[in-house]
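Coordinate analysis (summary)
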Amino acid sequence: MKAGIVGATGYGGIELLRLLTNHPQVKAITLFSSSQAGEKFENIYPQFRGGESYVLHDLEPEKMKEDLDVIFLATPSGVSSQLTPQLQGSHAKVIDLSGDLRIKEPATYEQWYKKEAAPDGTLGNAVYGLPEWNQEQIEKADLIANPGCYPTATLLGLGPVVKEGLVKPDSIVIDAKSGVSGAGKNPNPITHFAHAQENFQIYKVNQHQHIPEIEQQLTIWDDQLEPVTFSTHLVPMTRGIMATIYLQLKEGMSEEDLRQKFKSYYEPQPFVRVRESGGFPCTKDVYGSNFCDIGLTIDARTKRVTIVSVIDNLMKGAASQAVQNMNLVFQYDERTGLAPLPVYP
Ligand SMILES: NC(=O)c1ccc[n+]([C@@H]2O[C@H](COP(=O)([O-])OP(=O)(O)OC[C@H]3O[C@@H](n4cnc5c(N)ncnc54)[C@H](OP(=O)(O)O)[C@@H]3O)[C@@H](O)[C@H]2O)c1
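Just so we're clear, the structure is a prediction, and the values are computed from it rather than from any experiment.

What counts, and at which threshold
- Residues numbered from 1 in each chain as written.
- Predicted model: local features only at pLDDT ≥ 70, side-chain atom pairs only at ≥ 80, totals over all residues.
- Heavy atoms only, no water.
- Near = heavy atom within 4 Å.
- Polar contact = N/O pair within 3.5 Å; in protein donor to acceptor, adjacent residues only side chain to side chain.
- Areas by Shrake-Rupley, 256 points an atom, 1.4 Å probe, with all protein chains shown as cover.
- Nonpolar A, V, L, I, M, F, W, Y, C, P; charged D, E, K, R; others polar.
- Domains from an automatic or database assignment.
- Buried < 20%, exposed > 50% of the residue type's maximum accessible area, 1.4 Å probe, protein only.
- Helix = DSSP H or I, 4+ residues; strand = E, 2+ residues; numbered from the N terminus.
- Arc of directions from axis to C-beta.
- UniProt positions renumbered as here; feature names shortened; annotations may be inferred.
- Contact = heavy atoms within 4.5 Å.
- Phe/Tyr/Trp six-rings, centres within 6.5 Å; stacked < 30°, edge-to-face > 60°.

1. Examining the site of the ligand
As a matter of local geometry, the ligand sits amid 24 residues, with Thr-9, Ser-33, Ser-34, Ser-35 and Thr-75 nearest to it. The side chain of Ser-33 places a nitrogen or oxygen atom 2.5 Å from an oxygen atom of the ligand. A distance of 2.8 Å separates an oxygen atom of the ligand from a polar atom in the side chain of Asn-313. Compared with its free state, where it exposes 880 Å², the ligand has 81% of that area covered by protein. Partitioning the shell around the ligand into residue classes produces eight nonpolar, 15 polar and one charged. Looking at which domains feed residues into the shell around the ligand, each of domain 1 (2-146 + 318-329) and domain 2 (150-311) gives three or more.

As structure tokens, then:
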């Protein structure tokens, strides 16, 4: 299979290249850059020296869609909404890592992203690529909207209880934290080392663009749910997301019964691991891997449920989830090329 990566020089693109070079079904990889075409990839990222040498190419949609079997778009929002329509109508499958194709309602996308939405024909074809919950649709898809990093952690943490209609509709609060690589490779005043190091900050309060993505999927599962409170914090670490989720159940339930619900959903899933009683994951439990680890408890005094869900934002939150989606689209075992256990410490 021949794969292409647009935005290969970014954090998501680099991880895609690392994974695809170890994927047994991928025989050729072409890298694209909007700013550094002609440059050798290993001259920019010397850690790739010693393997195959890659030259960055200009974007040529007509040629790309004829030559390639799968095209990953690891580009900032506002790019794939314009580029994807030019890539459709060929045999090439497209997997978009940006937020451009995730929100079905164009006005909602424009409100939260402050950019023009993709055309209806493109949005209508995009399948939301959360493999643990959407496998059948993904297997038939030509176009995948790879979920955001925060939504991946949040939705995997909420799926088993929301899908069964167990949650009090107005009770969900999501307190989420991310490492600085979530903001991509370009530094800004908030992610600058001197500001971020030894600092802990909340950002985009009630305004984060992942809010409509999370609510869209939650209300597909349970249309009675009301808007959620979702807060995001920057943690002085490179990778990792922890979503700590608080909610109330409509009816009392033992912690063990709740845990069994999670286990029954996720035991068949190779990349979601549910902790036993008393166990809560930390971000290093999944570092560099495609795993999502989940811990949960019920507070006997307040009856409130706490669910903790962790992922590596660049892996399950971006590149490795995109490869998992590619595997499903091409009918490979979804674990193909995604074997690595987490890096620790
Ligand atoms: N970082 C994360 O944890 C994470 C997680 C989930 C999803 N995402 C999403 O994935 C996408 C990529 O994120 P990232 O962190 O990899 O960002 P990044 O590090 O900023 O990289 C984005 C890349 O896109 C390319 N690019 C910029 N403008 C372009 C244009 N007009 N046309 C084509 N390519 C363009 C750039 O490469 P060239 O200059 O070489 O073209 C750049 O290296 C974003 O939409 C982001 O929201 C990121």
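2. A few points about helix α7 (residues 131-139)
If you check which residues of α7 are buried, you get Pro-131, Glu-132, Trp-133, Asn-134 and Ile-138. The arc that holds every buried residue of α7, seen down its axis, measures 160 degrees, which confines them to one face.

3. Structural notes on the UniProt feature "domain: Semialdehyde dehydrogenase NAD-binding" (unreviewed entry) in the protein chain
Mapped onto the present numbering, the UniProt feature "domain: Semialdehyde dehydrogenase NAD-binding" (unreviewed entry) falls at residues 2-141. Across residues 2-141 one finds 37% helix and 16% strand; the C-alpha atoms that close the span lie 18 Å apart.

4. Here we look at the environment of Ser-181
When you line up the elements, Ser-181 lands in the loop between β8 (173-178) and α9 (193-196). By relative accessible area, Ser-181 is classed as buried at 5%. If we ignore the near neighbours within four places in the chain, the residues touching Ser-181 are Tyr-11, Thr-238, Arg-239, Asn-313 and Leu-314. In terms of polar contacts, Ser-181 uses its side chain to reach the backbone carbonyl oxygen of Thr-238, at 2.7 Å.

5. Let's talk about the packing of aromatic side chains
Given two aromatic rings, one states the distance between the centres and the angle between the planes to describe the pair. One pass over the structure, following the stated rule, counts nine aromatic pairs. Ring pairs connect the aromatic residues Trp-133, Trp-221, Tyr-265 and Tyr-266, which therefore count as one cluster.

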